[in-house]
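# Topology and contacts: notes
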Amino acid sequence: MTASSPPGSTEELLSRRVRAVLDGTGESWTRRMFELGRRLRAEGGGPVYDLSLGNPSLEPPPAFFRALRALVEDDTPGTHRYMTNAGFLQVRRFVAEREGRRFGLELDEECVVLTVGAAGALAVTLRALADEGDEIVVPAPYFSEYAHYARHAGLKLVPVRTTADFDLAPEAVAEALGDHTRIVLLNSPNNPTGAIYGAGRLNELAAVLRRHVTRTGRPVVVVEDAPYRDLVYDGQTPASMMSRYPHTVHVTSHSKDLGLAGERIGYAVLSSELAGRRRVFAGLSYCNRTLGFVNAPALMQRMLPEVLGAPDGRVDVAVYARRARTLHAGLARLGFSAAPPRAGFFLFPRLPDDLVARAPAGVPADVWFAERLVARRCIVVPGTAFGVADHLRLSVATDDDAVAGALDAIAAELDAG
Ligand SMILES: Cc1ncc(COP(=O)(O)O)c(C=O)c1O
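Fair warning: this is a prediction, and the values are worked out from it, not measured in the lab.

Definitions and cut-offs
- Residues numbered from 1 in each chain as written.
- Predicted model: local features only at pLDDT ≥ 70, side-chain atom pairs only at ≥ 80, totals over all residues.
- Helix = DSSP H or I, 4+ residues; strand = E, 2+ residues; numbered from the N terminus.
- Rg over C-alpha atoms; globule rule 2.2 N^0.38 Å.
- Contact = placed C-beta atoms within 7 Å.
- Expected span 1.5 Å × (residues − 1).
- Buried ≥ 20, exposed ≤ 12 C-beta atoms within 10 Å, placed from the backbone.
- Pairing = 2+ DSSP bridges.
- Near = placed C-beta within 6 Å.
- Nonpolar A, V, L, I, M, F, W, Y, C, P; charged D, E, K, R; others polar.
- Axes fitted to C-alpha atoms, helices over the stretch in contact; angles between N-to-C directions.
- Arc of directions from axis to C-beta.
- Parallel < 35°, antiparallel > 145°, perpendicular 65-115°, else oblique.
- Domains from an automatic or database assignment.
- Core = buried A, V, L, I, M, F, W, Y, C linked by C-beta atoms within 7 Å.

### As for the overall build of the protein
Helix and strand content of the protein: 15 helices and 12 strands. Against the globule reference of 22 Å for 417 residues, the protein gives a C-alpha radius of gyration of 22 Å, in line with a compact fold. For the protein, the spread of C-alpha atoms along the principal axes amounts to about 65 × 60 × 55 Å. Contacts spanning at least 24 positions in sequence make up 71% of the contacts within the protein whose residues lie at least 6 apart.

### Section: helix H6 (residues 117-129)
Helix length check: H6 (13 residues) gives 18 Å between terminal C-alpha atoms against 18 Å at 1.5 Å per residue, within 8%. For H6, a buried count of 13 out of 13 residues is recorded, marking the element as mostly surrounded by other parts of the structure.

### With respect to the sheet that holds strand E11 (residues 381-382)
To summarise the sheet geometry, strands pair through backbone hydrogen bonds and adopt either a parallel or an antiparallel arrangement. Across the sheet, 3 strands lie side by side as E9-E12-E11; this open sheet has antiparallel pairing. Two strands bound the open sheet, and with one partner strand each, they are strand E9 (346-347) and E11. In the sheet, E9 pairs with strand E12 (residues 392-395) via 2 bridges, with the strands oriented antiparallel. Following the sheet pairing, Phe346 is matched in E12 by Ser395.

### Description of the site of the ligand
Neighbouring residues of the ligand: 13 residues in total, closest Gly117, Ala118, Ala119, Ser253 and Ser255. The leading source of residues in the shell around the ligand is H6, at 3 residues. In terms of residue class, the shell around the ligand is built from 5 nonpolar, 7 polar and 1 charged.

### Quick notes on the sheet that holds strand E3 (residues 135-139)
Within the open sheet, the 7 strands sit side by side as E2-E8-E7-E6-E5-E3-E4. Their pairing is mixed. The open sheet is flanked by strand E2 (112-115) and strand E4 (156-160), the only strands paired with a single partner. If you compare each strand with its neighbour and ignore which way they point, the axes differ by 20° on average. In this structure, strand E6 (residues 221-225) lies alongside strand E7 (residues 248-253), joined through 4 bridges in parallel fashion. Within E7, the position partnered with Val223 by the bridge is Val249. Lying over the sheet, helix H5 (residues 89-103) contacts E2 and strand E8 (266-270), oriented at roughly 115° with respect to E2.

### Things to note about helix H12 (residues 317-333)
Taking 1.5 Å of rise per residue, the 17 residues of H12 would be expected to cover 24 Å, and the 25 Å separating its terminal C-alpha atoms lies within 8% of that figure. Within H12, burial applies to Val317, Tyr320, Arg323, Ala324, Leu327, His328 and Leu331. When H12 is viewed along its axis, its buried side chains cluster within an angular range of 135° and face the same direction. Exposed and oriented more than 90 degrees from the buried face of H12 are Ala318, Ala329 and Arg333. Elements in contact with the buried residues of H12: E9, E12 and helix H15 (400-416). Gly335, located one to two residues past H12, shows a positive phi value of around 95°.

### A word on the packing of H12 against H15
Angle between the axes and distance between the axes are the two parameters that describe a pair of packed helices. Interhelical geometry of H12 versus H15 gives an angle of 5° and a closest axis separation of 10 Å. What the angle tells us is that H12 and H15 run roughly parallel. Side by side, H12 and H15 meet where Arg323, Thr326, Leu327 and Gly330 of the first sit next to Asp400, Val403 and Leu407 of the second. Looking at the contact of H12 with H15 residue by residue, the classes come out as 3 nonpolar, 2 polar and 2 charged.

### Re the domain arrangement of the protein
Splitting the protein by domain gives domain 1 (10-59 + 315-416) and domain 2 (62-308). With centres defined by C-alpha atoms, the gap from domain 1 to domain 2 works out at 26 Å. Of all the secondary structure elements, the ones that give two or more residues to the side of domain 1 that touches domain 2 are helix H3 (29-43), H12 and E9. It is H12 that contributes the most residues to the side of domain 1 that touches domain 2, 3 residues altogether. Split into classes, the residues belonging to the side of domain 1 that touches domain 2 amount to 17 nonpolar, 7 polar and 4 charged.

### Thoughts on the environment of Phe346
Tracing the backbone shows Phe346 in strand E9. For Phe346, the residues in contact, after removing those within four places along its chain, are Gly54, Asn191, Pro192, Gly194, Arg393, Leu394 and Ser395.

### Overview of the nonpolar core
One finds Val113, Ile183, Ala268, Val380 and Ala406 to be the most contacted residues of the largest nonpolar core, which totals 121 residues. The residue makeup of this core includes at least three contributed by each of domain 1 (10-59 + 315-416) and domain 2 (62-308). What Ile183 contacts, discounting residues up to four positions off in sequence, is Leu129, Ala130, Ile136, Val220, Val221 and Val223.

### Some thoughts on the environment of Ala169
In this fold, Ala169 is placed in the loop between E4 and helix H8 (170-176). Take Ala169: there are 18 C-beta atoms within 10 Å of it, and that puts it in the partly exposed class. C-alpha separation for the pair Ala169 and Arg201, spaced 32 residues apart in sequence, amounts to 7.1 Å. Here Ala169 is in contact with Val160, Arg161, Thr162 and Thr163, once residues within four sequence places are set aside.

Written out as structure tokens, the structure is:
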């Protein structure tokens, strides 16, 4: 050790919580596969067929650039200062009115907290609603970052099964509800499966939760994470718990549907019927401030009404739909099975049975196969990352060449078997 080197290793400075993630298998598979793709690209040697990440491939719509240019020109004094932690009043009113129409609820500005993307909204909501040790019931497969969000808030994730086609199984949620359950976390349309939870199943879940609340006297809150809700291929609006169960917080962002993942704008919408709703609003605002966000980016807040109200304020979901259908058909020809794609960025096909049988003992077949594909310059995420083995998650937030190349790589790997 030299005089200038600090005592102890860098790792020892990290909290146990973070060390456990960096040292263990807990770091995100999605990130790991994405990094592999980045490394392959940096090394050169031809194209990389990277279907690992849900990074929007469509540029934001024309209305976004128009709004941004106008906002940048606006030098009204005070425009760039701090504001109420929940966000600008006029923007919250706009969102409340728009979301209220969607859900058939009378919402006001104290139903909306503008956040740093959906991830920020989830961080704020989990911290505001649950105490250390509380449980979050989540249907699997689920977005792998949920495990990290729960870890940061000291919460325990309780995964429950879904149906064969990844629809919600209310009876599985019912079985998992216990004294420590605080939140049921839903994600529809789903990452990684693309499933949209059916209205009938949400009705059943509402009935299950009402019975639980009556029995225990303690509301379980539904947190409904829906950043893909405006990327449904047939244009239908996905069913929501907002109109079915009073204790619901709807979380979303414009990372995906406006292609603004880097700009970080989203919101939490509280049902007007939520127990102690104004106090919950105050709690979320407090968490927005003290988790270090303070408020959502001011320019992006101001942009929202301009873009969402414009006729050209949309990305063309048909591009993702067409690519998803091409990928689905190609995979089906190769023996993979998945429900027809309906929404969002992802397909979650099951590996052919003979491929599962070929995996070495002790290694999940999806992890084994995804690693073999890397050698063919094809990057996908194993289903194990989302709590369900023997599946792969493939993203269509890429380009047509990557989809074609990935299908060729998968076919070649199957042939090589
Ligand atoms: C299901 C789900 N929830 C939340 C997020 C986070 O979205 P945002 O970038 O708006 O924070 C993502 C992003 O991939 C997601 O897939």
